Amino acid sequence: MTAGTTILDKAKTERRTVLTEFESKKLLERAGIPVVETRLVRTKQETISVSKGLGFPVVFKIASPDIVHKSDSGGVKLGIANATQASRAYSEIMSSIKQGYPSAIIHGLTVQKMARPGIEVIVGMSKDPQFGPVLMFGLGGILVELLKDVSFRIVPITKRDAAEMIREIKGYPLLNPIFAYKDRVVAVDARIILEG
Ligand code: ADP
Ligand code: MG
């Protein structure tokens, strides 16, 4: 059995359609999309040893199928620089989740390499009842909810369509610096919702 089917079987067995970031990243990775190195851990001790293994600075995030907006719930800590900060960040995340989401199922925490700064974009796919699979591109991170500056195309698309989608958004001028210097892309967050 492949890792992909294991993830989907687990979600089906648990009767959930929302995959966690960790599960979503595993599926993206298998599809050939570069994903920031992400490990799932369960205890504070494991969190610290895995952080040391990956190398500081790292990022911690709550791993729970019940928490979709991880930052809003106090479930994300960026730029953790050493073991002391790691220990504190672990406790802070766990206590704010316990307080805000006492009945959430918690898979643990993810420890991730802190990606170097870049302009954040979002790439998404959804299924339109009329048109079928539709690809979305836009400015990501905190800007995505705020600006809703996105372009859409029905798939499959050509390279030329992709270039058009990028140029079409209002925030395109913001992307010039990243294109001038960029050597690669990396996904730092991921979310997959299965068809019910
Ligand atoms: P949320 O569930 O709130 O969307 P994210 O995983 O997107 O949580 O994290 C919030 C923000 O933190 C991201 O939009 C990005 O700016 C930053 N971030 C998340 N993961 C990383 C990472 N591994 N390296 C660098 N920045 C990150
Ligand atoms: Mg996000």
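Heads up: the structure comes first, above all this text.
Residues numbered from 1 in each chain as written. Chains lettered and ligands numbered in written order. Predicted model: local features only at pLDDT ≥ 70, side-chain atom pairs only at ≥ 80, totals over all residues. Heavy atoms only, no water.

Student: Explain the environment of Ile-105 to me, using residue names and the numbers behind them.
Tutor: Examined against the element boundaries, Ile-105 turns out to sit in the loop between helix H4 (83-100) and strand S5 (108-113). Counting along the chain gives 39 residues from Ile-105 to Asp-66, while the straight-line C-alpha distance between them is 6.4 Å. If near-sequence neighbours (up to four positions away) are discounted, Ile-105 is found in contact with Ser-64, Pro-65 and Asp-66. (Helix = DSSP H or I, 4+ residues; strand = E, 2+ residues; numbered from the N terminus. Contact = heavy atoms within 4.5 Å.)

Student: Can you break down the site of ligand 1 residue by residue, with the values?
Tutor: As a structural note, the neighbourhood of ligand 1 is formed by 16 residues, with Lys-61, Ser-71, Ala-115, Glu-120 and Asp-189 the closest of them. In this structure, Lys-113 approaches ligand 1 through a main-chain N or O atom, which is 2.9 Å from a nitrogen atom. Protein chains shield 82% of the accessible area of ligand 1, which is 550 Å² for the free molecule. At the level of secondary structure, the elements contributing two or more residues to the shell around ligand 1 comprise strand S3 (58-63) and S5. (Near = heavy atom within 4 Å. Polar contact = N/O pair within 3.5 Å; in protein donor to acceptor, adjacent residues only side chain to side chain. Areas by Shrake-Rupley, 256 points an atom, 1.4 Å probe, with all protein chains shown as cover.)

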